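Letter by letter, the chains look like this.
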Amino acid sequence: MKKFDIIVVGSGTAGSIAAYFGAKRGYKVCLLDGKPRYKIGDKICGDAIGSRIFDELGIPHPKRGEYLNIIDGAKLFPPDTAYSITIKDPTQAGYIVDRLRFGQGLMNTAIDAGAEQFDQTHAISLLFNKEQVTGVKIKSKNFNQDDFMADIVIDASGFHTQLRKQVNFPYLEKEIAPTDYIVCYREILRLKNPVVVDQRFISIYMDNKRAPGGYIWYFPRNEYEVNLGFGVMENHKSNLRDYYQKIVYEPFIGDEPCTRITGGSGLVSVCKPLLTGVANGILFVGDAAKQVNPITGGGLMSSMQAGSYTIQAYEKARESETFDALALWQYNLLFQKTIGAEFAALNLLRSAIQSFPNEVMNFAIKNRVVTGEEISRITTKGEISLSLPELLGKLLRGLSKPKLLLDLNYLRNRMGEIKVLYRNYPRSPSYLGLWVEQLEKINIQVRNRYGPSS
Ligand SMILES: Cc1cc2nc3c(=O)[nH]c(=O)nc-3n(C[C@H](O)[C@H](O)[C@H](O)COP(=O)(O)OP(=O)(O)OC[C@H]3O[C@@H](n4cnc5c(N)ncnc54)[C@H](O)[C@@H]3O)c2cc1C
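Every value quoted in this text rests on a predicted model; they were computed, and no experiment measured them.

Colleague: How would you explain the overall build of the chain if you had to name every residue and give the values?
Modeller: A tally of regular secondary structure across the chain gives 12 helices and 20 strands. What you see for the chain is a C-alpha radius of gyration of 22 Å, in line with the 22 Å of a compact globule of 454 residues. Judged by the C-alpha coordinates and their principal axes, the chain covers about 65 × 55 × 40 Å. Put simply, the chain has 454 residues, and 49% of those count as buried. A sequence separation of at least 24 residues applies to 73% of the contacts in the chain between residues at least 6 apart.

Right under this line is the structure:
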């Protein structure tokens, strides 16, 4: 048996950041991962990350080699691809990273700060004292089993977490609904001729016929290389690789001479985060807590931010020397009032966008119904800031269809309501039930209008 202050399961972005801040504060941190150390960080991903998170957390920006390209912004294309909106905002600028090197960099930051890493070590089950999580049973690289005990366990084990299923706590979701995630496939390609699109911009193609519930992405890594992929709702998937070939590779690459460096599939949640990321003795973070932007599918920044919140909450709980859900509740308050509010609002918007026919998206982008600045604000803050007079102004200038204007106004109001609700996230688990009831009322209204949204 080994004893720690904090056990972090998973050395991805969420786990590495939690372990880094925990170790930096002087706690005895165990950082587990089932993979061999040299493979940690390697993940099927779009590899795009905003630069502001590094300043916000006060950690070094990725070094050259850890990042491959600097990105100034994004171009958003509607289905007919004849037009695009450029989204250029310093807060959205960032990097295309080499996923393995970037992940290794974060992991090493945690280890250098003092976290004790156990690679090729799986957390196979949680250990409990009554309802309180007290540690994990691990299986090491030698197939030996051991009990690792700690004040808290941080589950940063990603989308497929098995640990969350073992915890009984009111309103803690064990499963993820098929409407709440997308399946993705992407390849990294090296072209013989330089990549034609502007290397400083990532391109996003929305198309509810070809990529329902998701989008197609074209993210340049350098002059010759591109990360090209797509995401769709689970129920639309056929053979992912064949589908990719048909709807992505052929239209975007066609007969261009090109080498496939690597390819693979992955799942991303596109829904509101867990209703509670806290239970007795355990915190859930990153993909294990569904902390992914439901519109962009971006989870790197949010997982890192939330990783830092776990340690703030642990620190507060230590004051009372108890680590039950109430003592750790600070984590929910830090996360839900900020990122949680934004993602819950964007989840409503996602339901609406998914229901829009392609013609509406073509019209909206061609006529600049929303501008690049407005889109940037929507995706970073989760709010439609256009006032009703501004929306009416667009209608009068012929820039919007009445139905679209009504939708925007409706969404602006519902998104505003849900953000207020999240900002009033209950201060203790006792009031969570009442809060969930209020949340459901908003979700039901939006679901009735646009279809699935949870
Ligand atoms: C195709 C695709 C494209 C994406 N593109 C982007 C993008 O461009 N930008 C962006 O911001 N986000 C993107 N995302 C989302 C982003 O990759 C994730 O949100 C982010 O990596 C989450 O990190 P994490 O630390 O929570 O989980 P992970 O990175 O999945 O890390 C989990 C770790 O836990 C380990 N583990 C799992 N179970 C156990 C266990 N029982 N015991 C020990 N170790 C365990 C795993 O080996 C792994 O190392 C994309 C995701 C996909 C699938």
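Let's pick the thread back up.
Colleague: Pulling in residues and values, what's your account of the pairing of strand E6 (residues 73-77)?
Modeller: Here E6 pairs with strand E7 (residues 85-88) via four bridges, running antiparallel. In the sheet register, Lys-75 faces E7, and the bridge partner there is Thr-86. By the bridge criterion, five bridges tie E6 to strand E15 (residues 201-205) in an arrangement that is parallel. In the sheet register, Phe-77 faces E15, and the bridge partner there is Tyr-205.

Colleague: How would you explain the sheet that holds strand E14 (residues 181-191) if you had to name every residue and give the values?
Modeller: In a beta sheet, neighbouring strands are held together by backbone hydrogen bonds and run either parallel or antiparallel to one another. Read across the sheet, seven strands follow the order E7-E6-E15-E16-E17-E14-E18 without closing on themselves; strand pairing throughout is mixed. Edge strands, defined here as strands with exactly one partner in the open sheet, are E7 and strand E18 (258-269). For this sheet the average axis-to-axis angle between neighbouring strands, irrespective of direction, equals 20°. Contacting E6 and E7, helix H9 (residues 372-381) runs over the sheet at an angle of about 55° to E7.

Colleague: Which residues make up the sheet that holds strand E5 (residues 67-71), and what values go with them?
Modeller: Spatial strand order, E4-E8-E5: three strands in an open sheet with antiparallel pairing. Either end of the sheet is taken by a strand with one partner, and the two such strands are strand E4 (48-50) and E5. Going from strand to strand, the sheet's axes swing by 30° on average, the running direction of each strand aside. When E4 meets strand E8 (residues 94-97), the two strands line up antiparallel, connected through three bridges. Counted as the bridge partner of Ala-48 is Ile-96 from E8.

Colleague: Report on the site of the ligand, specifying residues and quantitative values.
Modeller: Neighbouring the ligand are 40 residues, the closest being Gly-10, Gly-12, Gly-46, Gly-286 and Gly-299. At the level of secondary structure, the elements contributing two or more residues to the shell around the ligand comprise helix H1 (13-24), E4, strand E10 (122-129), E14, E18 and helix H5 (300-320). Of the residues that constitute the shell around the ligand, the class distribution is 17 nonpolar, 17 polar and six charged. Each of domain 1 (2-47 + 98-176 + 271-328) and domain 2 (178-269) gives at least three residues to the shell around the ligand.

Colleague: Can you explain the domain arrangement of the chain? Please cite residues and give values.
Modeller: Partitioning the chain into structural domains gives domain 1 (2-47 + 98-176 + 271-328), domain 2 (178-269) and domain 3 (345-427 + 439-450). Here domain 1 and domain 3 have C-alpha centroids that lie 34 Å from each other. Across the contact, six residues belong to domain 1 and five residues belong to domain 3. Within the side of domain 1 that touches domain 3, the residues separate by chemical class into three nonpolar, two polar and one charged.

Colleague: Residues and numbers for the nonpolar core, please.
Modeller: Counting residues in hydrophobic clusters, the biggest one holds 133 residues, and the most contacted among them are Ile-7, Val-8 and Leu-328. Setting aside anything within four residues of it in sequence, one finds Val-8 in contact with Gly-15, Ala-18, Ala-19, Val-29, Cys-30, Leu-31, Leu-32, Ile-154 and Ala-156.

Colleague: Explain unusual backbone geometry residue by residue, including any values.
Modeller: Residues other than glycine seldom take positive phi values, yet Lys-130 does so here, at roughly 55°. The topology assignment puts Lys-130 in the loop between E10 and strand E11 (132-139). When the 6 C-beta atoms within 10 Å are taken as the criterion, Lys-130 is described as exposed. Of note, the phi angle at Phe-143 is positive, near 65°, even though the residue is not glycine. Mapped onto the fold, Phe-143 is located in the loop between E11 and strand E12 (145-149). Classification of Phe-143 by C-beta neighbours within 10 Å gives exposed; the count is 6.

Colleague: Mind laying out the packing of H1 against helix H3 (residues 99-113), listing which residues take part and the relevant values?
Modeller: Packed helix pairs are characterised by how far apart their axes lie and by the angle those axes make with each other. Following both chains from N to C, one finds H1 and H3 inclined at 20°, their axes separated by 8 Å at the closest point. The orientation of H1 relative to H3 falls into the category roughly parallel. Of the two possible hands of crossing, H1 and H3 adopt the one that is left-handed. Together, Thr-13, Ser-16, Ile-17, Ala-19, Tyr-20, Ala-23 and Lys-24 of H1 and Leu-106, Met-107, Thr-109, Ala-110 and Ala-113 of H3 make up the contact between the two elements.

Colleague: Residue-level account of helix H11 (residues 402-423), with values.
Modeller: The end-to-end C-alpha separation of H11 is 32 Å, in line with the 32 Å expected for 22 residues at 1.5 Å each. Among all positions of H11, only Leu-404, Leu-408, Leu-411, Arg-412, Arg-414, Met-415, Ile-418, Lys-419 and Tyr-422 are buried.

Colleague: Residues and numbers for the pairing of E11, please.
Modeller: The sheet contact formed by E10 and E11 spans seven bridges and is antiparallel. Following the sheet pairing, Ala-123 is matched in E11 by Ile-138. Linking two consecutive strands that pair antiparallel, namely E10 and E11, is a turn of two residues; a positive phi of about 55° is found at Lys-130 within it. In this sheet, E12 lies alongside E11 in antiparallel orientation, the contact comprising five bridges. Residue pairing for E12: Lys-137 is matched across the bridge by Asp-147.

Conventions we followed
Residues numbered from 1 in each chain as written. Predicted model: local features only at pLDDT ≥ 70, side-chain atom pairs only at ≥ 80, totals over all residues. Helix = DSSP H or I, 4+ residues; strand = E, 2+ residues; numbered from the N terminus. Rg over C-alpha atoms; globule rule 2.2 N^0.38 Å. Buried ≥ 20, exposed ≤ 12 C-beta atoms within 10 Å, placed from the backbone. Contact = placed C-beta atoms within 7 Å. Pairing = 2+ DSSP bridges. Axes fitted to C-alpha atoms, helices over the stretch in contact; angles between N-to-C directions. Near = placed C-beta within 6 Å. Nonpolar A, V, L, I, M, F, W, Y, C, P; charged D, E, K, R; others polar. Domains from an automatic or database assignment. Core = buried A, V, L, I, M, F, W, Y, C linked by C-beta atoms within 7 Å. Parallel < 35°, antiparallel > 145°, perpendicular 65-115°, else oblique. Left-handed = near helix turned anticlockwise from the far one by under 90°. Expected span 1.5 Å × (residues − 1).

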